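Breakdown of the fold
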Amino acid sequence: MSPPAAESYLSDGRTLWSWLTTHDHKRIGVMFLVLTLFFFLVGGLFALALRIELLTPGRTIMGHLAYNRMFTLHGVTMVWLFMIPAIPSAFGNFLVPLMIGARDVAFPRLNLASVYLYVLGASVTLWGMFEGGADTGWTFYTPYSTTTGTAVLPVLVGVFIIGFSTIVTGLNFIATVHTLRAPGLTWMKLPLFVWAIYGTSIIQVLATPVLGMVLLLVALERVVGAGIFDPARGGDPLLFQHLFWFYSHPAVYIMVLPSMGVISEAVCAFSRKNAFSYRMIVYSTLGIAFVGFFTWGHHMFASGQSIFGSGAFGAMSMLVAIFTAIKIFSWLGTLYRGSIAIESPLIYTLGFMFFLFFGGMIGVAYSTTSLNLHWHDTYSVVAHFHFIMVGATVMAFLGALHYWFPKMFGRCFPAKLANSAAVLIIFGFITTFVPQFLLGNMGMPRRYADYPPHFQSLHVASTAGASLLAFGFLIIAAYLAWSLKYGAVAGDNPWGSDGFEWRSASPPPTHNFHVTPEYPTGPHEYAREEVPHAA
Ligand code: HEM
Ligand SMILES: [Cu+2]
């Protein structure tokens, strides 16, 4: 088989300058992939340091103030520098134009600007880290965040700037899906990944400005002493919490919806079937994006919020769970009686589905005031959101990386090793976060570096799990880096998948398709004959 396509987006200009000035959505996707992987590493190292500190009650490797700074930086890095851009800006940028038969996104220059806004914001946040970082938690709760002496301002301003990268990325995708679809590609034929990115973009554009505003107000209160959130200056700290969570809960769907899109593509590809009830998956994607805006108060059950307010927010949160359940049932329906191929993207997909279900069901329990007050601010909450952020979204991110790696780089990776690494990651995940549910139920508070001795065995188990996770990530990094140069040549469609993106070369030419593909009229059926999978 011939080496990867000579003329591809990767070989179209080999200088650094050709990358720094590119308008090609694929190169911009790859740049975001490299940048977000770097910050996943940084956030992961912070996590490992936290877990090592929690190996023993009392001091292990750092004091309490350092611990506060470390979990703050871990949360800030993982949420805004890794997870929010990871799937939309990396894979969304690479794939959406390919999936709709377009040559690029609607605003290529604005797309390049989204990289520079991200890099500028990340640099300012990094500067804040080197200044010692903030010790407020990733939630920047007031009045502590407007009074503490740590480097809150650069961290906050960095996140503020990154918000603009998120907004222009969302704007670009909305305009692209509305205006650049190939002839015949009507809305109800759009790939489910594109619907997921479309739903996410709506949240990015509507919610992120609220984050920008609240961070600006915190900076204002810190710098000029305006009394906005600090009761000592006539402010109201609960106003901060309402504004912050009005953004941050929908932001959870900016982190989860794209991963659901990845899963919808993977279950079809590895069961060789069309999605079971395609329309219900589309409607529940839009349902989550919409109802997600009416749930933020479930973070404030312990803030003195009225029981009626909590009841309403609880009910809306349960409604989101119904949309999520529809997706899980549809994915199961797609896998049912499919010709299943056990490949690494599918292993991550199964992990995603189980952890989303388990973590989601715990979320339903949290939306009831009684249970919520018991678990509020305990390790059970930490376990819950890591089940969704790591158990679901990171699994989907790894699934996407393995599924589209051959398309992005024209090379295959060692399939058996990838399957073993996937199993190790899933086992490491369970060992890290299940003990945290038990710790939380026993009363272990979050954000504490110290604890009574009878909690130690569960913390040790959790840290052992985190080490397995780290080891698994290292193995993946090693064989993917090796495969970039020595992996078997992929060919255009190594998985025998049905998506549009697999009709272009691997890696694709800069202009994606030599001839704009026509989307077949009428419902499209997966060919059920057996097709060999990647080496
Ligand atoms: C990959 C493995 C990961 C491990 C082992 C890990 C571990 C931890 C630990 C030990 C804490 C501190 C808990 C406490 O003292 O309250 C923490 C907090 C947190 N983690 Fe992770 N984490 C991981 C991945 C992630 C990812 C992917 C995200 C993505 C969003 C994330 C988001 C957060 C957030 C938001 C907090 C709360 C920080 C705060 O309290 O302000 N983590 N994590
Ligand atoms: Cu929430």
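Attention here is on the structure that accompanies the text. (Residues numbered from 1 in each chain as written. Chains lettered and ligands numbered in written order. Predicted model: local features only at pLDDT ≥ 70, side-chain atom pairs only at ≥ 80, totals over all residues. Heavy atoms only, no water.)

All right, on to the overall build of the chain then. Secondary structure assignment for the chain yields 15 helices and zero strands. Against the compact-globule benchmark of 24 Å for 535 residues, the chain has a radius of gyration of 23 Å, which places it among compact chains. Residue burial in the chain is summarised as follows: out of 535 residues, 60% are buried. Residue pairs in contact within the chain that sit at least 24 positions apart in sequence constitute 83% of those at least 6 positions apart. As presented, the chain carries roughly 20,200 Å² of accessible surface, and 72% of it is formed by carbon and sulfur atoms. Mean positive and mean negative side-chain charge positions of the chain (25 and 21 charges, respectively) differ by 4 Å. (Helix = DSSP H or I, 4+ residues; strand = E, 2+ residues; numbered from the N terminus. Rg over C-alpha atoms; globule rule 2.2 N^0.38 Å. Buried < 20%, exposed > 50% of the residue type's maximum accessible area, 1.4 Å probe, protein only. Contact = heavy atoms within 4.5 Å. Areas by Shrake-Rupley, 256 points an atom, 1.4 Å probe, with all protein chains shown as cover. Lys, Arg positive; Asp, Glu negative; His and termini not counted. Charge placed at Lys NZ, Arg CZ, Asp CG, Glu CD.)

Moving on: the pattern of salt bridges. Within this structure, the stated rule accounts for two salt bridges. Note that Arg233 is salt-bridged to Asp230, the shortest N-O span being 3.1 Å. The exposure class assigned to Arg233 is partly exposed, which follows from its relative accessible area of 30%. (Salt bridge = Lys/Arg side-chain N within 4 Å of Asp/Glu carboxyl O.)

What follows covers the nonpolar core. Trp80, Phe91, Phe193, Trp331, Phe352 and Trp404 are the most contacted members of the largest nonpolar core, which totals 164 residues. Among all residues touching Phe193, those that are not within four sequence positions of it are Ile87, Phe91, Gly92, Leu95, Val96, Met99, Pro258, Gly261, Val262, Glu265 and Trp404. (Core = buried A, V, L, I, M, F, W, Y, C linked by side-chain atoms within 4.5 Å.)

A few words now on helix α6 (residues 152-179). Helix length check: α6 (28 residues) gives 41 Å between terminal C-alpha atoms against 40 Å at 1.5 Å per residue, within 8%. In terms of burial, α6 is a largely internal element, 21 of the 28 residues being buried. (Expected span 1.5 Å × (residues − 1).)

The subject of this paragraph is the environment of Asp24. Within the secondary structure layout, Asp24 lies in the loop between α1 (16-20) and α2 (25-53). With a relative accessible area of 6%, Asp24 lands in the buried category. In sequence terms Asp24 and Glu131 are 107 residues apart; their C-alpha atoms lie 36 Å from each other. With sequence-adjacent residues up to four places away left out, Asp24 is seen in contact with Tyr9, Asp104 and Thr510.

With that out of the way, let us pick up helix α9 (residues 278-291). Compared with the 20 Å implied by 1.5 Å per residue over 14 residues, the 20 Å span of α9 between its first and last C-alpha is a close match. Burial in α9 covers these residues: Tyr278, Ile281, Val282, Ser284, Thr285, Gly287, Ile288, Ala289 and Val291. Against α7 (192-224), α8 (237-269) and α10 (307-335) lie the buried residues of α9.

Once that is clear, we can look at the coordination of the copper ion (ligand 2). Within the protein, the atoms that donate to the copper ion (ligand 2) are His249 (ND1), His298 (NE2) and His299 (NE2), at distances of 1.8 to 2.0 Å. Between consecutive donors of the copper ion (ligand 2), the numbers of intervening residues give the motif H-x48-H-H. Placement of His249 in helix α8 and of His298 in the loop between α9 and α10 is noted, with a sequence separation of 49 residues between them. A single burial state applies to His249 and to His298, both of which are buried. (Donors = N, O, S within 2.8 Å, 3.2 Å for Na, K, Ca; no water.)

So, on to the environment of Pro143. Locating Pro143 in the fold gives a position in the loop between α4 (108-130) and α5 (144-147). A relative accessible area of 29% places Pro143 in the partly exposed class. The spacing of Pro143 and Phe229 is 86 residues in sequence and 6.2 Å in space, taken between C-alpha atoms. If we skip the residues at most four places from it in the chain, Pro143 touches Asp230, Pro231 and Pro237.

The full set close to ligand 1 counts 22 residues, and Tyr67, His74, Trp138, His386 and Arg447 are the nearest of them. A distance of 2.9 Å separates an oxygen atom of ligand 1 from a polar backbone atom of Trp138. The set of elements that each furnish at least two residues to the shell around ligand 1 consists of α2, α3 (64-99) and α13 (379-409). Partitioning the shell around ligand 1 into residue classes produces 16 nonpolar, four polar and two charged. (Near = heavy atom within 4 Å. Polar contact = N/O pair within 3.5 Å; in protein donor to acceptor, adjacent residues only side chain to side chain. Nonpolar A, V, L, I, M, F, W, Y, C, P; charged D, E, K, R; others polar.)

A few words now on the packing of aromatic side chains. This structure, assessed with the given rule, holds 49 aromatic pairs. Between Trp187 and Tyr198, the ring centres sit 5.4 Å apart and the planes meet at 65 degrees, which makes this aromatic pair edge-to-face. In this pair, Trp187 sits in the loop between α6 and α7 while Tyr198 sits in helix α7, placing the two residues 11 residues apart along the sequence. Look at Trp187 and you get partly exposed, because its relative accessible area is 25%. (Phe/Tyr/Trp six-rings, centres within 6.5 Å; stacked < 30°, edge-to-face > 60°.)

This brings us to a nonpolar patch on the surface. A cluster of nonpolar side chains, contributed by Leu16, Trp17, Leu20 and Tyr116, occupies part of the molecular surface with about 470 Å² of accessible area. With three residues, the top contributor of residues to the nonpolar patch is α1. Residue Leu16 is classed as exposed on the basis of its relative accessible area of 62%. (Patch = residues over 30% accessible without salt bridge, like charges linked within 9 Å, V, L, I, M, F, W, Y side chains within 5 Å.)

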